[in-house]
Structure formats: structure tokens, C-alpha cells
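Okay, here's what each chain looks like letter by letter:
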Amino acid sequence: MKAIQAHEHGDIGVLKLEEVADLQPGEGQVVVAVKAAGVNPVDTYIRAGINNYSALFPHCPGKDAAGVIASVGKGVTRFKEGDRVYCAGTLTGASAEQTLCNENQVQPLPHSISFEQGACLGVPYTTAWRALFIRAHAKASETVLVHGASGGVGLAAVQLARAAGLRVIGTASTDVGRDLVLANGAHHVLDHNDPDHLQEAIALTGGNGVNLILEMLANVNLGHDLPALAKGGRVVIIGSRGPVEINPRDTMARDAAILGMALANATPDELRCIHASLVAGLENGSLTPVVNKAFPLAQMGLAHEAVLEAGACGNIVVSVP
């Protein structure tokens, strides 16, 4: 089979399309014939060996994929050959014609969802669900502000929050991005390049402040987020690219909380709960992943560049022939 392989850390030039051996499932494992693979910012950090990430070599990038079950190992009971699935994590990497997964890393993919859409589910939707409902304990009727709402995690959060009965305010940097956020369920959308956008968010709550903020770039925004919170408000930090200075008094008067969130900390019980909810949302139509650009597998390097571009409008995937 063909697979993207890196043999050292570096820029996109280390990513090569190579011929490798076909995969065989062990006990409790499945082999998925990959039709599409998701590309997330964390994949680029692992490739480059930055932000405390590293890889074992040879390295096949990617955690998310969608396709059909090609073969099953002894003891597998949830799937059979030919089943449509999405992968939220793999043992051998997603950017290949085949990937090896533990049975619990694979979930059913409804026929209403394309393989390219299915490849967008693992990291973005699991991150958004865990941030909203496990870290922040979001509740219906609360107001959530999603920074960077036009990106993969942001759009997932908008869809999930809207389906759960929250009032959703999104931010995006372009007209196209703001239109996309509204189309995916936000009640209001703001320009996060406007220095007054957080004051606008407070005004939308009648001056009370927002209950919850999902923060994708804490090193830029966190110090400004805290005064926009209501009493008992929470900020969940999903992404940050450096240090930030805040005024702790902005948390004291509000009994506010700053919560970190790393998907790697999700427990098996949490993941079972998350994916049961995601599959239900796919089946009932409340969740619809948005694909921005699809690259052929051989252009994985271009996909790694695209996922880091500013003004994201959905997810980046690679299609596998």
C-alpha cells in the first residue's frame, strides 16, 4: 500500500509518499481502507517536533480518517468487513491507503455523511465536545462565545452548542468566515479583528457577560476574555501559541474559572460518551462537518500548510484513491 512517511522532524519536505507493507489486524483490531484523512494543526506540530510534540519514525501523520472496514481481528464484535466508519485515532497513522486501529478507535459513519466529512470528526468534534460539556459543563440557555468559530473545532463547537440549546456567539476574521458561522447555527457573529467585538458580545447579553468562552488563541485573547465573562463564567483554553499576561482580579469579582483542555487527557469513559453523542448527532442531522479544501494524498505537504493558514473556513482533508 501507499502511505505518507516521514523519517525525521522537519518542514513539509520530510513528507514522502512511499510503498509500505499491507496491514494485518491483531486481536481486537481492525484495518480500515482509508478513503479520506483529516489534517489538523497538531499533525504539523508532530511532524515538525515543536510545541512539546515528537514522533517515532518512520512516522505516518494524522489521527483522523474515514473509510470502510477491510479486515477484522479476533474478538472484534462491533464491525464487519465493508462497514463505513470514521477513525478517531489510529495505531499506524491516517495518511495512507490503510490504517490499523483498535476497535474502540472506530465509530460507525452514517451514509448521509461523506468520507471527507467523516475524516473531520475525530480531533475537531471530540475537542469541541469535551471542552463544552466535560470541562465547562455547558448547559442549555447559557451563552457561549466561540473564538475562531469558522475553523474546524470552532464550527464543531457552534453546531454542538446550538443543538444543546445554548445561545451561540461566534467570531471570525473574514466575511466568508462569518457567513459560514451563521450558516452553521450561530445566533450572532462578530469580527474578531474589531477591537470592540467583546463589548459587542457583552451588549448582546444585556450587559451581563457571556457564561462560557472557547478560546483557540489564548496568548492573544485571554486577558481580554476575562472581563467579558458573567459571574460564574468559564474560559476553556483549547489553543495557545505562547505566554500571556492577565489581571487575576478579572476572575475574582466574577468567580470566574480558566480551564485548560487537552484531548490527550480524555478518559476511555469520556470518549465513549463523546462518540455516542457524535454518532447520534450525525444520524439526526444536527452535526454536519464542513470540508474547506481536499488535497490528494500525494500533496500532504500542501495540506499541512493549508491547515495553518489564517482565516480558516472549515476543515482540511486529503482524499485517498
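Note that the structure is a prediction, hence the values are computed from the model and not measured.

J.: Pulling in residues and values, what's your account of the sheet that holds strand β10 (residues 188-191)?
T.: Taken together, the 6 strands give an open sheet; going across it, the order is β10-β9-β8-β11-β12-β13, and neighbouring strands pair in parallel fashion. The outermost strands of the open sheet, each flanked by one partner alone, are β10 and β13 (257-260). Each neighbouring strand pair of the sheet contributes to a mean axis angle of 20°, computed without reference to strand direction. Pairing analysis gives 4 bridges linking strand β12 (residues 229-237) to β13, with the strands arranged parallel. The residue of β13 that forms the bridge with Val 235 is Ile 258. Packed onto the sheet, helix α6 (residues 197-204) meets β8 (143-146), β9 (167-172), β10 and β11 (210-215) and runs at close to 160° relative to β10. Along the sheet face, helix α7 (residues 218-225) touches β11, β12 and β13 and points at about 175° away from the line of β12.

J.: Could you give an account of the nonpolar core, naming the residues involved and the relevant values?
T.: In terms of nonpolar packing, the biggest core is built from 43 residues, with Leu 132, Val 144, Leu 160 and Leu 214 touching the most fellow members. Core analysis: the next-biggest nonpolar cluster, separate from the first, contains 27 residues, Val 14, Leu 15, Val 76 and Cys 101 among them.

J.: Could you give an account of the layout of surface pockets, naming the residues involved and the relevant values?
T.: In this structure, the second largest pocket encloses a volume near 200 Å³. Surrounding the second largest pocket, 13 residues form its lining, Pro 195, His 197, Leu 198, Gln 199 and His 224 being those nearest its centre. Those elements that place two or more of their residues in the lining of the second largest pocket are α6 and α7. Looking at the lining of the second largest pocket residue by residue, the class counts come to 6 nonpolar, 5 polar and 2 charged.

J.: Now, about the environment of Ile 50: what can you tell me, with residues and values included?
T.: By the element assignment, Ile 50 lies in the loop between α1 (41-48) and β4 (64-72). With 186 residues separating them in the primary sequence, Ile 50 and Val 236 have C-alpha atoms 22 Å apart.

J.: Help me get a handle on the packing of aromatic side chains, residues and values and all.
T.: As enumerated under the stated definition, the model contains 2 aromatic pairs in all. Taken together, a centroid distance of 6.1 Å and an interplanar angle of 35° make the contact between Tyr 45 and Tyr 53 tilted. Residue class for Tyr 45 comes out buried when judged on its relative accessible area of 17%. Here Arg 84 stacks its cationic end above the ring of Phe 115, 4.5 Å away from the centre of that ring.

J.: Describe the packing of helix α3 (residues 122-135) against helix α9 (residues 268-284), naming the residues involved and giving the relevant values.
T.: Close contact between α3 and α9 brings their axes to 10 Å; oriented N to C, the two are set at 110°. For the element pair α3 / α9, the angle class is roughly perpendicular. For the pair formed by α3 and α9, the contact residues are Tyr 125, Thr 126, Trp 129, Arg 130 and Ile 134 on the first element and Glu 270, Leu 271, Cys 273, Ile 274, His 275, Ser 277 and Leu 278 on the second. Residue composition of the contact of α3 with α9, by class: 7 nonpolar, 3 polar and 2 charged.

Thresholds applied
Residues numbered from 1 in each chain as written. Predicted model: local features only at pLDDT ≥ 70, side-chain atom pairs only at ≥ 80, totals over all residues. Heavy atoms only, no water. Pairing = 2+ DSSP bridges. Helix = DSSP H or I, 4+ residues; strand = E, 2+ residues; numbered from the N terminus. Axes fitted to C-alpha atoms, helices over the stretch in contact; angles between N-to-C directions. Contact = heavy atoms within 4.5 Å. Core = buried A, V, L, I, M, F, W, Y, C linked by side-chain atoms within 4.5 Å. Buried < 20%, exposed > 50% of the residue type's maximum accessible area, 1.4 Å probe, protein only. 1 Å grid on protein atoms, 1.4 Å probe; cavity = no way out; pocket = protein on both sides within 12 Å on 5 of 7 lines; lining within 4 Å. Points joined across faces, edges and corners; volume = space filled by probe spheres on them. Nonpolar A, V, L, I, M, F, W, Y, C, P; charged D, E, K, R; others polar. Phe/Tyr/Trp six-rings, centres within 6.5 Å; stacked < 30°, edge-to-face > 60°. Lys NZ or Arg CZ within 6 Å of the ring centre and 35° of its normal. Parallel < 35°, antiparallel > 145°, perpendicular 65-115°, else oblique.

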